[in-house]
Amino acid sequence: MPKAPLFRDPIYDGAADPVLIWNREEREWWIVYTSRRTSVEGPGIAWVHGTNLGVASSQDGGETWTYRGVLQGLEFEQGQNTFWVPEILRHDGLYHMYVSYIRGVPSEWAGHRRDIVHYTSRNLWIWTFQSVLKLSSDYVIDACIHPMPDGRWRMWYKDEATDSATYTADNDDLYHWKPAGAVLAHQPHEGLNVFFWRNTYWLIVDEWSGLAVYESENGEDWRRNGKILHGSGTREDDGTIGLHADVQVSGGEAYIFYFTHPDCSRHPPSKRSS
């Protein structure tokens, strides 16, 4: 059993929104995450913005993790800007990343355009800007990508302009996305993640009171199947709900990686496996 917490960011102590990816070039697992600046003083919620994407790596199958720094090549316009919630996949020898982006370092939540930005990389370290996606509004974050049964790629994302509902977009090449409408609009939520396990598509969303679970035979029609990580755990820093998670399917098992706010007065989320 890995230790708990699995990883804490040694720079700002604010590891959030994890995504797990196998680095084929370095032959090790990586967690790429939003590096929230929880230890920095400033007005309002500036600590949530101005964030880089941090990297932790493991050479022992996920037992121990080492901080490696931040991803390079993300800036496509001047200034210090905000990068949230990476989604990374590998296809035809190339890594693709879709990142939530906000210009600058706002000190409040509302009133700031949010975009999803596409990058590519050969090694997971150095990234090349491809485009700002044109989706259902100018307030979109939290992209998740998964192939559909007919071979097309589908993106699920949060549209904050429509009361934080889940919307979708489709394409055939990972570059040219076409909005495909709403999927879940029953209540506000975020932190979408889709995976295929035991011949079923699964979708989890963060409802800020735990993670709601949905299942589907075709990846299109979803039915609710309960809630997980909605109570206090017993391990260190796990005495609260689980937040924005990623799921990795390996060897017939599904492993969930999530983060917590163990001390809400200081906002220092730590991340570990469940």
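Residues numbered from 1 in each chain as written. Predicted model: local features only at pLDDT ≥ 70, side-chain atom pairs only at ≥ 80, totals over all residues. Heavy atoms only, no water.

Caption draft 1: Molecular detail of the packing of aromatic side chains. Under the criterion given, the structure shown has 13 aromatic pairs. Seen in terms of ring centroids, Trp197 and Trp202 are 6.1 Å apart; in terms of plane orientation they differ by 50°. Their pairing is tilted. According to the relative accessible area criterion, Trp202 is buried, its value standing at 14%. Taken together, the ring pairs in this structure connect Phe76, Phe83, Tyr101, Tyr119 and Phe129 into an aromatic cluster. Positioned above the aromatic ring of Tyr95, the side-chain terminus of Arg90 is 5.5 Å from the ring centre. (Phe/Tyr/Trp six-rings, centres within 6.5 Å; stacked < 30°, edge-to-face > 60°. Buried < 20%, exposed > 50% of the residue type's maximum accessible area, 1.4 Å probe, protein only. Lys NZ or Arg CZ within 6 Å of the ring centre and 35° of its normal.)

Caption draft 2: Examining the pattern of salt bridges more closely. Tallied over the full model, the rule gives 20 salt bridges. The shortest N-O distance in the salt bridge between Arg8 and Asp13 comes to 2.7 Å. Classification of Arg8 as partly exposed rests on a relative accessible area of 28%. Its relative accessible area of 17% is what places Asp13 among the buried residues. (Salt bridge = Lys/Arg side-chain N within 4 Å of Asp/Glu carboxyl O.)

Caption draft 3: Fine view of the nonpolar core. By size, the foremost hydrophobic cluster in this structure holds 19 residues, and its most contacted members are Val32, Leu71, Met97 and Trp127. For this core, the secondary-structure elements that each account for two or more residues are strand 1 (15-23), strand 2 (28-35), strand 3 (52-58), strand 5 (82-91), strand 6 (94-102) and strand 7 (115-121). The dominant element in this core, judged by the number of residues it contributes, is strand 6, at four residues. Once you skip the residues sitting within four places of it in the chain, Trp127 turns out to touch Leu71, Gln72, Gly73, Leu74, Ile88, Tyr95, His96, Met97, Tyr119, Thr120 and Ser121. Listed in part, the 16 residues of the second largest apolar core include Leu135, Val140, Trp153 and Ala165. (Core = buried A, V, L, I, M, F, W, Y, C linked by side-chain atoms within 4.5 Å. Helix = DSSP H or I, 4+ residues; strand = E, 2+ residues; numbered from the N terminus. Contact = heavy atoms within 4.5 Å.)

Caption draft 4: Local environment of a positive patch on the surface. On the surface, Arg24, Arg27, Arg90 and Arg122 cluster together to form a positively charged patch. Structurally, the position occupied by Arg27 is in the loop between strand 1 and strand 2. (Patch = residues over 30% accessible without salt bridge, like charges linked within 9 Å, V, L, I, M, F, W, Y side chains within 5 Å. Areas by Shrake-Rupley, 256 points an atom, 1.4 Å probe, with all protein chains shown as cover. Lys, Arg positive; Asp, Glu negative; His and termini not counted. Charge placed at Lys NZ, Arg CZ, Asp CG, Glu CD.)

Caption draft 5: Geometry of the sheet that holds strand 9 (residues 140-147). With antiparallel pairing, four strands are arranged side by side in an open sheet as 9-10-11-12. What marks the edges here is a single partner per strand, and that holds for strand 9 and strand 12 (178-184). Averaged over neighbouring strand pairs, the angle between their axes works out to 30° when direction is ignored. Here strand 9 runs beside strand 10 (residues 153-159); their pairing, made up of six bridges, is antiparallel. (Pairing = 2+ DSSP bridges. Axes fitted to C-alpha atoms, helices over the stretch in contact; angles between N-to-C directions.)

Caption draft 6: Highlighting the pairing of strand 8 (residues 128-132). Of the strand pairs in this sheet, strand 7 and strand 8 are connected by four bridges, and their pairing is antiparallel. Note on strand 8: the bridge partner recorded for His118 is Ser131. Linkage of strand 7 to strand 8, two consecutive antiparallel strands, is achieved through a turn of six residues, within which Leu124 is found at a positive phi near 75°.

Caption draft 7: Expanded view of the confidence of the model for the chain. With 96% of its residues at a pLDDT of 70 or more, the chain has an overall mean of 94. Contacts from residues 265-274, a stretch scored under 50 in pLDDT, to residues over four places away or in other chains number 59 contacts. (pLDDT = per-residue confidence, 0-100.)

Caption draft 8: Just the pairing of strand 14 (residues 200-206), in detail. Burial runs high along strand 14: seven of the seven residues are buried. Along strand 14, one buried face is formed by Thr200, Trp202, Ile204 and Asp206 and the opposite face, lined by Tyr201, Leu203 and Val205, is buried too. Examined bridge by bridge, strand 13 (residues 190-197) and strand 14 share six bridges and lie antiparallel to one another. For Asn193, the partnering residue across the bridge sits in strand 14 and is Ile204.

Caption draft 9: How the structure looks around the sheet that holds strand 13. Spatially, four strands are ordered 13-14-15-16 in an open sheet, and the strand pairing comes out antiparallel. Unpaired on one side and paired on the other, strand 13 and strand 16 (223-228) mark the two borders of the sheet. Within this sheet the neighbouring strands show an average axis-to-axis angle of 25°, counted without direction.

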